[in-house]
Amino acid sequence: MSNSLKTAQAYAWSLARSLMVCIIVFRAENGMFGAMPATEWDGDPDLILAELDPFGR
């Protein structure tokens with residue numbers, strides 16, 4: 001978790017490229033930002049800010 005959206009996005013892109021899976025960037029209820037594999041997300045879709053696909057352009 002991070003207070004900075006920029007930091008969370010950088011981490012998410014690195015994670016997507018390392019694992020070669022889609023990663024989402026989300027805002028938690030406490031206002032912090034996080035990243036996780038899209039397949040593991042079971043929260044509110046409105047909290048998702050971005051989805052990073054390592055295979056996309």
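We now turn to the structure provided with this report.

What counts as what
- Every chain is numbered on its own, with residues counted from 1 as its sequence reads.
- Note on the predicted model: pLDDT of at least 70 is required for a residue's local features to be given, and 80 or more for side-chain atom pairs to be given and counted; whole-chain, interface and lining totals, by contrast, use all residues.
- Think of the side-chain values as coming from all heavy atoms in the structure, minus any hydrogens and water.
- Grouping buried Ala, Val, Leu, Ile, Met, Phe, Trp, Tyr and Cys residues that are joined through side-chain atoms within 4.5 Å yields what is termed a nonpolar core.
- When accessible area is computed with a 1.4 Å probe and restricted to protein chains, residues below 20% of their type maximum are described as buried, those above 50% as exposed, and intermediate ones as partly exposed.
- We count a stretch as a helix when DSSP gives it H or I for four or more residues in a row; a strand needs E for two or more, and each element gets its number in order from the N terminus.
- Here, two residues are considered to be in contact whenever any of their heavy atoms come within 4.5 Å of each other.
- In this analysis, rings of Phe, Tyr and Trp, with Trp reduced to its six-membered ring, are considered paired at centre separations within 6.5 Å, and the interplanar angle assigns stacked below 30 degrees, edge-to-face beyond 60, and tilted for intermediate values.

**Some words on the nonpolar core**
At step 1: Listed in full, the nine residues of the largest apolar core are A8, A12, L15, A16, I23, V25, F33, A35 and L52.
At step 2: Contributing elements (two or more residues each) for this core: α1 (5-19), β1 (23-27) and β2 (33-37).
At step 3: The leading source of residues in this core is α1, at four residues.
At step 4: If we skip the residues at most four places from it in the chain, F33 touches M1, S2, N3, S4, L5, A8, F26, R27 and L49.
At step 5: In terms of nonpolar packing, the next biggest core, distinct from the first, is built from five residues, I24, F26, A28 and M36 among them.

**Details of the environment of D46**
At step 1: By the element assignment, D46 lies in the loop between β2 and β3 (48-52).
At step 2: In the structure, D46 is positioned 12 residues away from G34 in sequence and 14 Å away in space, judged by C-alpha atoms.

**Examining the packing of aromatic side chains**
At step 1: If you walk through the whole model with that rule in mind, you get one aromatic pair.
At step 2: Here F26 and W41 contribute two aromatic rings whose centre-to-centre distance is 5.0 Å and whose plane-to-plane angle is 45°, an arrangement assigned as tilted. Here F26 is found in strand β1, whereas its partner W41 is found in the loop between β2 and β3, with 15 residues between them in sequence.
At step 3: A relative accessible area of 11% places F26 in the buried class.

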